[in-house]
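These are the residues of each chain, in order.
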Amino acid sequence: MSEEFLGTGWRFPILPDASGRLGYAVGEESIEHCLRALLLTGTGERVMRPELGTRAHELVFAPGSVQNLRDLENSIAAAVLHVTARRTGTAVPVLPAGTALTRDPAGRIVFTLDDDLAVFPLAEGTPVTVWTDRDRTADLPARRGVPLLAGHGGPASARFTLPLTGAHPAPGPIGLLFELDAPAASAPSWLPGAVADVPPPAELTWSWFRPGTDVHGPFAKVEDGTGGLRRSGVVRLHPPADWTTRDTGILLSTPAATHAAPPRLLGLAVNAAAAHHRQWHTASGEHLQEQTDAWLKLPGQHLLLPEAAERLLEARVSLADEEWRPVPDFTFGGPADRIFVLDRTEGAVVFGDGLTGRIPRPGREASVTYATGGGRAGNGGMTANWVPAGDLPAAVTAASLVRAEGGADPETVTEARRRAAASLGEVTRAVTADDFVTLARTTPGVAVARAYASLGEHPGHPCTPVPGAVTVHLVPAVPRDDTTGEGFVAAPLPDPGMLCAVAAHLERARLLTTEVFVRAPRYRDVAVRADLSGDPADRARVSAVLTEALRRHLDPLVGGEEGDGWPFGQPLHPSVLLRAAQRALGDLAVVTAVAIGLDGAEPGEDCREVPLGPVDLPVLRAVRTRIVPAVEPGEGLA
């Protein structure tokens, strides 16, 4: 059909084109935009034409629709299990993906393994050993947090020895759980909120070695669920053909340890596999044949599936060797479309009415493969009573390594409407400086604690503001529980993967005329001299308390008067630091003056503020104390 006949109309939504003029659509594209405007307009929404529009927005949230079930698909409880298995004649049995395990006697709560798992023999009572700069094996059972790859940008490595026994080849990958002390924004790999495609914070190399010998080599394949030690995850190491269980050593190394802070290892377990609250079934034969024989060629035909009521997740349907596909609802279906929707409440697949979706013919041979599970019922604590949910050729038991969590019941229509209303306030486009900050901090998969949008800053033109340029400076979330502990990073810098992820997120949200750059903040070294009146009784304690107080007050994450980080570019006032110091010291000493030095200069400014650049943050490098004579009675106004 000619474009002249189809005509020209406004694009929907109404937006300017590349030249800044009102955007139009021509021909078939114009029809597409008209239909989009019609479907996205609710009936009664337009005051002058209340009949214009559809009820599509209501049908999308209809109970039992695949849309709800897709939401539920992201709300299936997940766990990581430590599996033991014995099989006669096999030293290293392999459990295939989909192996079903249950933790309750009735067998209603069934989890299935996500991947194949080779179950290696382990020396009973022997722990995994960890060596970084020293032997850290004793820290793991106490969950003290072992800093890994603390190279500060340079080469770093860590070695582990697994408690494997015998000299058996590997019929499958080694499954290891690396449990890390990671921010909540970096969800573990097995949970629904995990983001799979975030660039790693550092380039890691995994290799194996045989302790006490020179035998070593690379793994044939590595599936790193930790995303480069950004989050907790299951690592699957595929050994080469010449590897045996005598090769118990693992070397983890990097040429540049560019993590924002050294990853802190809380736990490491062997023979680990992720599992989800999902179980697959197949229904066919007499049970379904009775239902299809009773069908009439009328709308509303359905198939009830065994043990699927309130538990149905997804399904694949075949009728007389013809595949039918699931859809969110029948709104966009045609009379000849082989489509169906899922009814989780009834545990059934429902077919169309002949206008929106084909009516299936009676008496046809049916086969349905479907999954059940999901919901809050799958959540649970740490249990060691997992057993097979069906017949297995090996004696299998399992124990939880982490809590089973992430399960949620399908949202109701009311909850969906409430969520839709709340989403109206979400920032999805980067227009103002606050928009850039919000989008940067909410980048999926990375933990950005703070961000600052510098309008007009262009890295290629540092001395001149550039219209349309925006540079966003990031401060990553790193531990702040112990500012004097091992692995503390005073001036945290975003890792390369974080910079790439935030840049990609902002690129999708920016306006057409905006250039976006993502950079680290500029830290300025600060030295402080505190004058103390008289002679404190415990000068070492005074110095320690003073240093801790000033470090926290100037900290980029927990500093400032509000405790949410020193503001970008805020000048340093001697009087403000004096007040913070005296508040921390209390009766230990009297602070009479504070002097500030910047970028290696000796502390000398004790009256006027010390300015910082707009994207600068202070980092305390040195604190010195000086004893000055106390004010004698009778001096001044006394």
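Above this text sits the structure in question.
Residues numbered from 1 in each chain as written. Predicted model: local features only at pLDDT ≥ 70, side-chain atom pairs only at ≥ 80, totals over all residues. Heavy atoms only, no water.

Colleague: Outline the nonpolar core, supporting the account with residue identities and numerical values.
Modeller: Within the largest apolar cluster, 33 residues are counted, with the highest numbers of intra-cluster contacts made by Phe-160, Ile-174, Leu-176, Phe-178, Trp-206 and Leu-265. Looking at this core, the elements that each hand over two or more residues are β10 (156-161), β11 (174-180), β12 (205-209), β15 (233-238), β16 (249-254) and β17 (264-270). Counting residues per element, this core draws most heavily on β11, which supplies four residues. Apart from the residues within four sequence positions on either side, Ile-174 is in contact with Phe-120, Leu-162, Phe-219, Val-235, Arg-236, Leu-237, Pro-239, Trp-243 and Val-270. In this structure, Leu-546, Leu-572, Ala-589 and Ile-596 belong to the second largest nonpolar core, which totals 22 residues. (Core = buried A, V, L, I, M, F, W, Y, C linked by side-chain atoms within 4.5 Å. Buried < 20%, exposed > 50% of the residue type's maximum accessible area, 1.4 Å probe, protein only. Helix = DSSP H or I, 4+ residues; strand = E, 2+ residues; numbered from the N terminus. Contact = heavy atoms within 4.5 Å.)

Colleague: Explain helix α5 (residues 286-293) residue by residue, including any values.
Modeller: The α-helix advances 3.6 residues per turn, and as a result positions three or four apart in sequence lie on the same side. Taken residue by residue, α5 has Leu-288, Gln-291 and Thr-292 as its buried positions. For α5, the angular spread of buried residues about the axis comes to 95°, placing them on one side. Among the exposed residues of α5, those pointing more than 90 degrees away from its buried face are Glu-286 and Glu-290. On the buried face of α5, the contacting elements are β19 (278-284), β20 (302-304) and β25 (366-373). (Arc of directions from axis to C-beta.)

Colleague: Quick one: what's the story with the environment of Asp-616, residue by residue and with numbers?
Modeller: Looking at the element boundaries, Asp-616 is found in strand β33 (residues 616-628). Given the relative accessible area of 1%, Asp-616 is considered buried. A sequence separation of 48 residues divides Asp-616 from Phe-568, and the C-alpha atoms of the two residues are 5.8 Å apart. Within the structure, the side chain of Asp-616 is placed 2.7 Å from the side chain of Arg-524, a separation counted as a polar contact. (Polar contact = N/O pair within 3.5 Å; in protein donor to acceptor, adjacent residues only side chain to side chain.)

Colleague: Tell me about unusual backbone geometry, and name the residues and values.
Modeller: The phi dihedral of Arg-143 is positive, around 55°, even though this residue is not glycine. Structurally, Arg-143 can be placed in the loop between β8 (129-131) and β9 (146-147). You will see that Leu-229, though not glycine, has its phi angle at about 65°, which is positive. Along the polypeptide, Leu-229 turns up in the loop between β14 (221-224) and β15.

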